[in-house]
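What follows is each chain in one-letter form.
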Amino acid sequence: MKKLKLISTGKSKSLYTTDHHSQLVMEFRNDISAFNAVKLDNLAGKGQVNNDINTYLMNFLTQQGIKTHLIERVGPQDVIVKSLKMIPLEAVVRNYAAGSLCKRYGIAQGLALQPPLFEFFLKNDALGDPILRDEHILSFGFATEQDMDEIKKTSLLINDLLVPLFKQAGFWLVDFKLEFGRDNEGKLVLADELSPDGCRIWDATTQEIFDKDRFRQDLGLVIEHYQAVAKRLGIEASASS
Ligand code: ADP
Ligand code: UDP
């Protein structure tokens, strides 16, 4: 399927229209950013390995009955997705304390969270993606009570499905961010991506970091660790471009 018109260029992915009105091509670029685009780089191979991991995880979730936007991978860095009306929220699920949670509440990094913690953030770079209470979401009209319930339930179900998958590969799935949209029929669909850019993934024994924190914290060997995630999950690397 041909990419027709570029309709959005985000921090790490681009979206194109296609000759099918309800389908887009999502391109995983090699760009990487952190701290609200204050720290930027371009890492060869990142688009491809993220497309590898995202395709594998979204296909796995589809097989388990989760509705996702993934239709078909069509190139090393390209995937066809269902065009959705996006809900402007980030849904974060956490199994261990890390990142902004530790800063906000002063709790120890690595603390096991039982039950897993669910949080909503506003998807708004200019405001630094502030955390939201359900009351904010309702009163501001960002989403309905039904949207929130469905997003929370689906996110926690996705967590229940992904944690054992990562565990088998010797990883802790520390936390991850999801985005959802609604399709033409009004159904809630998992959108965006599932990759080490939007997850924290630690070795289960050594707690070595395998995700975007390697970039955030200047730990080096970013792509090598992303590729190791793919390899340990049993994902075959796609042919290079
Ligand atoms: P950002 O800089 O916003 O984080 P990305 O570089 O990740 O953006 O680009 C992806 C953009 O595409 C995001 O704004 C995301 O919300 C949006 N998006 C993801 N999946 C879909 C979809 N299926 N339909 C429409 N928009 C989508
Ligand atoms: N995350 C993301 N995009 C964002 C904010 C967070 O993908 O805009 C992911 C992040 O990589 C981590 C999880 O969501 O896996 C929780 O992030 P946190 O709130 O701890 O924020 P951070 O420390 O990344 O700023």
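My aim in this report is to walk through the structure given alongside it, one point at a time. All figures in this text were calculated on a predicted structure; none of them were measured in a lab. (Residues numbered from 1 in each chain as written. Chains lettered and ligands numbered in written order. Predicted model: local features only at pLDDT ≥ 70, side-chain atom pairs only at ≥ 80, totals over all residues. Heavy atoms only, no water.)

Moving on: the site of ligand 1. For ligand 1, the set of nearby residues contains 15 residues, the closest of which are Lys11, Ser12, Lys13, Lys82 and Glu179. A distance of 2.6 Å is found between an oxygen atom of ligand 1 and a side-chain nitrogen or oxygen belonging to Lys13. Contacts to ligand 1 include Leu84, whose backbone N or O atom sits 3.2 Å from a nitrogen atom. With the chains in place, 84% of the 560 Å² that ligand 1 exposes on its own is no longer accessible. (Near = heavy atom within 4 Å. Polar contact = N/O pair within 3.5 Å; in protein donor to acceptor, adjacent residues only side chain to side chain. Areas by Shrake-Rupley, 256 points an atom, 1.4 Å probe, with all protein chains shown as cover.)

This part covers the nonpolar core. Residues Leu61, Ile158, Leu162, Phe166 and Leu194 are the most contacted members of the largest nonpolar core, which totals 53 residues. A domain split of this core shows at least three residues from each of domain 1 (6-82) and domain 2 (85-232). When near neighbours in sequence (up to four residues on either side) are disregarded, Leu194 contacts Ile53, Asn54, Leu57, Met58, Leu61, Leu162, Phe176, Leu178 and Cys199. Ranked by size, the runner-up nonpolar core spans five residues in total, among them Tyr96, Ala98, Trp202 and Ile209. (Core = buried A, V, L, I, M, F, W, Y, C linked by side-chain atoms within 4.5 Å. Buried < 20%, exposed > 50% of the residue type's maximum accessible area, 1.4 Å probe, protein only. Domains from an automatic or database assignment. Contact = heavy atoms within 4.5 Å.)

Another point: the site of ligand 2. Surrounding ligand 2, one finds 15 residues, the nearest of these being Arg94, Ser100, Asp129, Asp175 and Arg200. In the environment of ligand 2, an oxygen atom lies 3.3 Å from a nitrogen or oxygen atom belonging to the side chain of Glu90. Between ligand 2 and the protein, one listed contact pairs an oxygen atom with a backbone N or O atom of Gly198 at 3.5 Å. Looking at the shell around ligand 2, the elements that each hand over two or more residues are strand S9 (89-96), helix H2 (99-105), strand S12 (171-182) and strand S14 (199-203). Within the shell around ligand 2, the residues separate by chemical class into four nonpolar, three polar and eight charged. (Helix = DSSP H or I, 4+ residues; strand = E, 2+ residues; numbered from the N terminus. Nonpolar A, V, L, I, M, F, W, Y, C, P; charged D, E, K, R; others polar.)

This part covers the sheet that holds strand S6 (residues 70-73). With antiparallel pairing, the five strands of this open sheet are ordered in space as S1-S2-S3-S7-S6. Here the strands that pair on one side only, and so sit at the sheet edges, are strand S1 (6-9) and S6. The average angle at which neighbouring strand axes cross in this sheet is 25 degrees, direction not considered. Sheet topology note: the S6/strand S7 (residues 78-82) ladder contains three bridges and is antiparallel. Looking at the pairing, Glu72 lines up with Ile80 of S7. (Pairing = 2+ DSSP bridges. Axes fitted to C-alpha atoms, helices over the stretch in contact; angles between N-to-C directions.)

So, about the packing of helix H1 (residues 46-63) against helix H6 (residues 222-232). Taken N-terminus to C-terminus, the directions of H1 and H6 make an angle of 20 degrees; their axes are 10 Å apart at the nearest point. As far as their axial angle goes, H6 and H1 are roughly parallel. Seen from above, H1 lies across H6 with left-handed handedness. Across the interface between the two elements, Lys46, Val49, Asn50 and Ile53 of H1 pack against Ile223, Tyr226, Gln227, Val229 and Ala230 of H6. Of the residues assigned to the contact of H1 with H6, the class counts are six nonpolar, two polar and one charged. (Parallel < 35°, antiparallel > 145°, perpendicular 65-115°, else oblique. Left-handed = near helix turned anticlockwise from the far one by under 90°.)

Keep in mind these values describe shape, not function.
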